[in-house]
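Report on the structure
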Amino acid sequence: MSKFAVAVVGRDRPGIAASVARALFESKANIEDSRMSILGGHFAMMLVVSMADGEGADALNAELEIVRAEMGLEHALAQQIADAGSDARPAPTHVLTVYGADHPGILAALCDAPAAREVNIDDLATRVVGSEQEPVYTLICELTLPGSLEPAALKADLGGVAVDQGVEVSLRELDQDIL
């Protein structure tokens, strides 16, 4: 089996997911993993699909081009990727939440601290809420801490980032029952 990453972006409107799913089905692609969201008024989807060996990106991209044109999308493209293997990843262990006055650099600073401790960011979502005069940056992400890392050490690092960035940061253990 060959794996492909599929990325689709376009002004939000009904039917995009259905059109892409139909094109993937017609191309004999199996959707293995996907994430879809509306970002800044644009519908964005990322998918990992598998296809029988010999089925190439050309046919898949031809189907996606038809969808792109019909739906007025900015981007619809598949690219072959290496198989990441079947190694089971550990489940996320913690949730990080952040709130504060919006300004450039918050995400970069907040991603540096976990990276320095070999913490994996498994899922991350940000949004700016509030008024134009007082925008508030919000972030929530799931993290997988390595077994050797004490959460208190990461909390201390994140506390320093919170002070530097002028945001509130909370790190708590993830309740596995809510997933």
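Residues numbered from 1 in each chain as written. Predicted model: local features only at pLDDT ≥ 70, side-chain atom pairs only at ≥ 80, totals over all residues. Heavy atoms only, no water.

A short note on the side chain of Thr97
Here Thr97 shows up in strand 5 (residues 94-101). Apart from the residues within four sequence positions on either side, Thr97 is in contact with Leu139, Ile140, Glu168, Val169 and Ser170. (Helix = DSSP H or I, 4+ residues; strand = E, 2+ residues; numbered from the N terminus. Contact = heavy atoms within 4.5 Å.)

Overview of unusual backbone geometry
Outside of glycine, negative phi angles account for most residues, and trans bonds account for most peptide bonds. A positive phi angle is found at Lys28, which is not glycine, with a value near 65 degrees. In this structure, Lys28 sits in the loop between helix 1 (16-26) and strand 2 (30-39). Judged by its relative accessible area of 62%, Lys28 is exposed. In this structure, Glu118 takes a positive phi of about 65 degrees despite not being glycine. (Buried < 20%, exposed > 50% of the residue type's maximum accessible area, 1.4 Å probe, protein only.)

Considerations on the pairing of strand 3 (residues 42-51)
With respect to burial, strand 3 is a largely interior element, seven of its 10 residues being buried. Note that strand 1 (residues 2-11) and strand 3 share 10 bridges and pair antiparallel. Bridge pairing in strand 3 links Lys3 to Ser50. In this structure, strand 2 lies alongside strand 3, joined through nine bridges in antiparallel fashion. If you follow Leu39 over to strand 3, its bridge partner there is His42. (Pairing = 2+ DSSP bridges.)

Brief notes about the packing of helix 3 (residues 106-116) against helix 4 (residues 151-165)
At a minimum axis separation of 9 Å, helix 3 and helix 4 run at an interaxial angle of 160 degrees. When the axis of helix 3 is compared with that of helix 4, the two are roughly antiparallel. The two elements helix 3 and helix 4 meet at a crossing, and its hand is right-handed. When helix 3 is examined against helix 4, the residues Ile106, Ala109, Leu110, Ala113 and Pro114 are found in contact with a partner set consisting of Leu154, Asp157, Leu158, Val161 and Gln165. Here the contact of helix 3 with helix 4 is composed, by residue class, of eight nonpolar, one polar and one charged. (Axes fitted to C-alpha atoms, helices over the stretch in contact; angles between N-to-C directions. Parallel < 35°, antiparallel > 145°, perpendicular 65-115°, else oblique. Left-handed = near helix turned anticlockwise from the far one by under 90°. Nonpolar A, V, L, I, M, F, W, Y, C, P; charged D, E, K, R; others polar.)

Quick word on helix 4
When the terminal C-alpha atoms of helix 4 are compared, their 21 Å separation across 15 residues agrees well with the 21 Å that a helix rising 1.5 Å per residue should span. Two residues or fewer past helix 4, Gly166 is found with a positive phi of approximately 70 degrees. (Expected span 1.5 Å × (residues − 1).)

Brief notes about the side chain of Thr144
Relative to the helices and strands, Thr144 is located in strand 7 (residues 135-144). Thr144 sits in the buried class, given a relative accessible area of 7%. Side chain to side chain, Thr144 and Asp122 meet in a polar contact 2.4 Å long. (Polar contact = N/O pair within 3.5 Å; in protein donor to acceptor, adjacent residues only side chain to side chain.)

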